[in-house]
Amino acid sequence: MTDSEPGGLFSALFGRGGVAAGDAAWLQAMLDAEAALARALERAGLAAPGAGAAVTQAARADRFDAAQLGAQAALTGNPVPALVRALTGQVPDFARPAVHQGATSQDILDTAAMLLARRAAEVIDADLAVAAGAAARLAAEHSGTVMAGRTLLQQAVPVTFGLVAAGWLTAIDAARARLAAVCTGRLAAQLGGAAGTLASLGPAGPDVARSFAAELGLPAPVLPWHTDRLRVIELAAALAGVCAALGKPARDITLLAQSEVGEVAEGDPPDGPAAGGSSAMPHKRNPVAAVVVLGCTRRAPGLLAGLAAAAEQEHQRAAGAWHAEWEPLADLLRLTGSAASWSASLLAGLHIDAARMAANLAAARGLPMAEHLTAVLAPALGRLAAHDLIARASRRAVEAGRPLADVLLGTPEFAGPVRAAGLTELQVTDALEPSSYLGAAVTFVAAALAAHHHTEGATG
């Protein structure tokens with residue numbers, strides 16, 4: 001049993017949510033492709049009347065043994081030949097010629113992969129919508145909540161938590177849009193026959209291919225794409241983009257939830273015991289959801305790389321590269337779905353401690369405002385001279401453990417130039433107030449929310 005199967009040891013972590021990408025889902029998608037082909041053949045007059053309906057009725061995954069089909073796949077290199085034999089045995093005699101007629105194994109597996117991806121993307125999109133909505137709420141509620149900005153893991157200039165959440169929001173919206181675009185325009189049906197010519201279907205081949213795509217609700221490609229794997233790479237890249245967008249808030253939350261920082265905390269599940277416990281330390285409240293999101297998203301780049309490497313395929317059928325796609329693609333769908341599901345609940349239940357944010361910023365004793373004070377002094381002292389003065393004062397403040405204002409106003413070396421620049425004590429104090437140096441943070445939050453609501457309105 002793998003971690004993608006219901007009830008698996010890791011399934012609650014890395015298989016959370018509604019994405020189905022295991023054996024049963026693959027099997028049903030392959031059967032759906034076979035049924036659609038039978039219906040298309042009947043429409044073209046190449047199968048007996050009623051054959052399409054008969055094959056469709058038989059094409060139910062619960063009527064087949066995935067383990068047995070998998071064992072037989074060892075004889076042919078893929079599970080489709082065994083499935084064709086089993087499906088043929090499930091339909092009436094008159095409909096049997098319609099099973100797999102004109103197709104090859106890759107047609108069924110590639111089309112199944114497209115169906116699997118489309119179904120998974122619908123589930124992922126629903127969770128992304130929840131995550132984006134939660135990020136939008138956080139951005140709106142905390143547009144003016146001042147906190148320390150951090151660069152290279154050190155306090156920088158002040159920002160607002162609303163701006164941080166707005167950054168999460170725009171990335172999720174962009175990733176969601178890209179995945180939707182790929183799923184709408186690039187998840188095409190595949191039907192090319194033995195070598196991409198559909199020769200066995202004669203003149204009706206192109207019409208059958210178009211009908212096949214229509215039956216599945218997938219775009220019909222210009223020609224079979226059996227050794228052109230750009231569609232797979234674009235899908236994988238879009239999924240990896242979703243993981244990147246979800247990994248950012250998860251990483252931020254793990255850092256902001258550290259005991260020494262304590263600016264955010266994960267909420268407990270609405271039902272069940274409190275989350276975040278440790279097997280060794282009873283006091284721990286670990287950011288479990290954020291950690292598991294990262295456990296999912298950090299695997300995406302490797303899976304994307306593997307799928308990109310498999311795109312180089314020989315002649316009219318790859319010798320191994322095509323086979324190398326199946327499991328990584330299923331894993332990427334499953335992990336992206338799990339990350340989206342975890343992220344939806346993580347962001348919806350996130351607790352923000354604005355007082356702790358203010359306290360952490362105040363604990364820096366004015367140092368994050370050094371850039372602002374430099375800008376205030378620059379017109380009188382010159383930009384470089386002002387920079388050097390504040391840099392020396394900042395070092396002195398750190399060494400002495402004193403507020404930057406006290407050092408500037410109480411040390412002759414610094415107080416003289418400050419007075420010479422015409423700054424009063426009140427002006428220095430005002431220049432060191434974090435809320436006075438937020439730039440366009442509030443404007444950017446408003447822009448992100450407007451863009452999000454516009455997108456929601458267009459898709460809703």
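Residues numbered from 1 in each chain as written. Predicted model: local features only at pLDDT ≥ 70, side-chain atom pairs only at ≥ 80, totals over all residues. Heavy atoms only, no water.

What follows is about the overall build of the chain. Of regular secondary structure, the chain possesses 19 helices and four strands. Against the compact-globule benchmark of 23 Å for 460 residues, the chain has a radius of gyration of 30 Å, which places it well outside the compact range. Viewed in the frame of its principal axes, the chain has a C-alpha envelope of about 100 × 50 × 40 Å. Scored against the burial criterion, the 460 residues of the chain give a buried share of 47%. For the chain, contacts bridging at least 24 residues in sequence account for 75% of all contacts bridging at least 6. With the model as given, the accessible surface of the chain reaches about 20,700 Å², and the carbon-plus-sulfur share is 59%. (Helix = DSSP H or I, 4+ residues; strand = E, 2+ residues; numbered from the N terminus. Rg over C-alpha atoms; globule rule 2.2 N^0.38 Å. Buried < 20%, exposed > 50% of the residue type's maximum accessible area, 1.4 Å probe, protein only. Contact = heavy atoms within 4.5 Å. Areas by Shrake-Rupley, 256 points an atom, 1.4 Å probe, with all protein chains shown as cover.)

It is the contact of helix α9 (residues 230-256) with helix α10 (residues 288-297), at a shortest axis distance of 8 Å, that shows an interaxial angle of 145 degrees. Taken as a pair, α9 and α10 cross one another with a handedness that is left-handed. In this structure, α9 contributes C243, L246, G247, A250, R251, I253 and T254 to the contact, and α10 contributes A290, V291, V293, L294 and T297. Taken together, the residues that form the contact of α9 with α10 break down as eight nonpolar, three polar and one charged. (Axes fitted to C-alpha atoms, helices over the stretch in contact; angles between N-to-C directions. Left-handed = near helix turned anticlockwise from the far one by under 90°. Nonpolar A, V, L, I, M, F, W, Y, C, P; charged D, E, K, R; others polar.)

All right, on to the confidence of the model for the chain then. Taken over all residues, the pLDDT of the chain has a mean of 94, while the share at 70 or more is 95%. Predicted confidence is poor over residues 277-284, with pLDDT under 50, and the contacts of this stretch with residues over four places away or in other chains come to five contacts. (pLDDT = per-residue confidence, 0-100.)

Looking now at the nonpolar core. If you look at the biggest cluster of nonpolar residues, it comprises 124 residues, and the most contacted ones within it are F161, L179, F212 and L333. Ranked by residues supplied to this core, first place goes to helix α6 (residues 105-141) with 19 residues. Core analysis: the next-biggest nonpolar cluster, separate from the first, contains 21 residues, L373, A378, I390 and L423 among them. (Core = buried A, V, L, I, M, F, W, Y, C linked by side-chain atoms within 4.5 Å.)

Taken together, L9, F10 and L13 make up a surface patch of nonpolar side chains, about 310 Å² in accessible area. Positionally, L13 belongs in helix α1 (residues 11-14). Among the residues examined, L13 registers a relative accessible area of 31% and is labelled partly exposed. (Patch = residues over 30% accessible without salt bridge, like charges linked within 9 Å, V, L, I, M, F, W, Y side chains within 5 Å. Salt bridge = Lys/Arg side-chain N within 4 Å of Asp/Glu carboxyl O.)

For the rest of this paragraph, the subject is unusual backbone geometry. One non-glycine residue, L153, lies in the positive phi region at around 70 degrees. Relative to the elements of secondary structure, L153 occurs in the loop between β1 (146-151) and β2 (154-160). Overall, the relative accessible area of 68% leaves L153 in the exposed class. Despite not being glycine, H315 has its phi angle at roughly 45 degrees, a positive value. Of note, H315 is situated in the loop between α11 (300-309) and α12 (326-348). The class of H315 is exposed, set by a relative accessible area of 70%.

Okay, the side chain of R231 next. Position of R231 among the secondary structure elements: in helix α9. As a buried residue without a salt bridge, R231 has its nearest oppositely charged side chain in D228, at a separation of 5.9 Å. Residues in contact with R231, not counting those within four places in the same chain, are G185, R186, A188, P221 and W225. (Lys, Arg positive; Asp, Glu negative; His and termini not counted.)

Moving on, we get to the packing of aromatic side chains. This model, assessed by the stated rule, comprises two aromatic pairs. Relative to W168, the ring of F161 lies with its centre 5.7 Å away and its plane at 85 degrees, an arrangement referred to as edge-to-face. Neither residue differs from the other here; F161 and W168 are each classed as buried. For the pair W322 and W326, a centre-to-centre distance of 5.0 Å together with 85 degrees between the ring planes defines the contact as edge-to-face. Taking the ring centre of W342 as reference, the NZ or CZ of R16 above it sits at 4.2 Å. When the ring centre of F14 is taken as origin, the NZ or CZ atom of R299, which lies over that ring, is 5.3 Å away. (Phe/Tyr/Trp six-rings, centres within 6.5 Å; stacked < 30°, edge-to-face > 60°. Lys NZ or Arg CZ within 6 Å of the ring centre and 35° of its normal.)

Let us look at the pattern of salt bridges. With the rule as written, the count across this model stands at 17 salt bridges. The partner of R119 in a salt bridge is D32, and the shortest N-O contact between them spans 2.6 Å. Placement of R119 in helix α6 and of D32 in helix α2 (residues 23-43) is noted, with a sequence separation of 87 residues between them. A salt bridge links R229 to D110; its shortest N-O distance comes to 2.9 Å. Taken as a pair, R229 in the loop between α8 (205-216) and α9 and D110 in helix α6 lie far apart in primary sequence, 119 residues in all. For the residue pair R229 and D110, the accessibility class agrees, reading buried in each case. Among the ionic contacts, a cluster of salt bridges with common partners joins R39, R43 and E215.

What follows covers the packing of α10 against α12. Contact geometry for α10 and α12: axes closest at 9 Å, N-to-C directions at 160 degrees. Relative to α12, α10 is oriented roughly antiparallel. Crossing hand, α10 versus α12: left-handed. Contacts between α10 and α12 involve A289, A290, V292, V293, C296 and T297 on the former and, on the latter, L335, S338, A339, W342, S343 and L346. Here the contact of α10 with α12 is built from residues that sort into nine nonpolar, three polar and no charged. (Parallel < 35°, antiparallel > 145°, perpendicular 65-115°, else oblique.)

This paragraph deals with the side chain of D173. By the element assignment, D173 lies in helix α7 (residues 161-185). If sequence neighbours within four positions are ignored, D173 has contacts with A132 and H452.

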